[in-house]
Amino acid sequence: MEEIRHRINELRSQLPEGVTLAAVSKFHPVEALREAYATGQRVFAESRADELAAKAAAMPSDVEWHFIGHVQTNKLRRIMPHVHTIQSVDSERLLMLIDAEAERIGTRPRLLLQVHVAAEQTKTGFTPDELLDVARRCAPQLRAATIDGVMGMATNTDSTERINADFAAIALTAKRLRDILPDARTLSMGMSDDWHIAVAHGSNMVRIGSTIFGPREY
Ligand SMILES: *Cc1c(COP(=O)(O)O)cnc(C)c1O
């Protein structure tokens, strides 16, 4: 646990100013999150609804919870009271459901639209053109939620060339989104193994798990 403090401080000292660190705490116990919290970390990201709800109940109320997993609509109500940001909005239907639920319970969540550029078919998200189309049509209809930017992942590969190309494509999508929604400034990209490259492409939010908390036991 001591190591968590050391690793997160080390990481924070390496991040350029203006880059927010979302500590990806999925699969790690609340004690681990408390260690990170003690260093001043407030943004935590989870990928499973039940886990997020349980941890939100156990952690101080000033934690900013981000959801980064695939949202199952039957679990939406479970996470909505807790989330500050849902980073993994990957369909128009989900976007409108989140907005309706936020209006119902009186919250104002921030949303990132997930863009899919990686080679893996298993990863979800909009194509860049779909994402822009959905933003253009849906943003004016939102009553409680706001579209805050883009989240994306690079292909899981050793090819630096491919990773660079993926981050460039995600960053370009974010830039095009800002032409439609000037306030949608969040560009969430970069994980433990590739955040240096993501930041070089203009990322202003990195989502880092294993470098802080160690390997996950699934
Ligand atoms: C798990 C996860 C991360 C963190 O990955 P690490 O390699 O542990 O830093 C980041 N983003 C998403 C969407 C994830 O699911």
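Data block above holds the structure.
Notes on the packing of aromatic side chains
Part 1 of the reasoning: Counting across every chain of the model gives one aromatic pair.
Part 2 of the reasoning: Over the ring of Y37 we find R42, and its NZ or CZ is 3.5 Å from the ring centre.

Considerations on the site of the ligand
Part 1 of the reasoning: Near the ligand, the surroundings consist of V24, K26, I68, M153, M191, S192, R207, I208, G209, S210 and R216.
Part 2 of the reasoning: K26 is positioned with one of its side-chain polar atoms (N or O) 2.7 Å from an oxygen atom of the ligand.
Part 3 of the reasoning: Contact between the ligand and R216: an oxygen atom at 2.7 Å from a side-chain N or O atom of the residue.
Part 4 of the reasoning: Notes on the ligand: free accessible area 390 Å², of which the protein chains cover 89%.
Part 5 of the reasoning: Of all the cavities here, the one that holds the ligand is the largest pocket.
Part 6 of the reasoning: Partitioning the shell around the ligand into residue classes produces five nonpolar, three polar and three charged.

Details of the layout of surface pockets
Part 1 of the reasoning: Estimates place the volume of the largest pocket at around 760 Å³.
Part 2 of the reasoning: Of the residues in the lining of the largest pocket, the class split is ten nonpolar, twelve polar and eight charged.

Basis of the calculations
Residues numbered from 1 in each chain as written. Predicted model: local features only at pLDDT ≥ 70, side-chain atom pairs only at ≥ 80, totals over all residues. Heavy atoms only, no water. Phe/Tyr/Trp six-rings, centres within 6.5 Å; stacked < 30°, edge-to-face > 60°. Lys NZ or Arg CZ within 6 Å of the ring centre and 35° of its normal. Near = heavy atom within 4 Å. Polar contact = N/O pair within 3.5 Å; in protein donor to acceptor, adjacent residues only side chain to side chain. Areas by Shrake-Rupley, 256 points an atom, 1.4 Å probe, with all protein chains shown as cover. 1 Å grid on protein atoms, 1.4 Å probe; cavity = no way out; pocket = protein on both sides within 12 Å on 5 of 7 lines; lining within 4 Å. Sits in = over half its atoms within 2 Å of the grid points. Nonpolar A, V, L, I, M, F, W, Y, C, P; charged D, E, K, R; others polar. Points joined across faces, edges and corners; volume = space filled by probe spheres on them.

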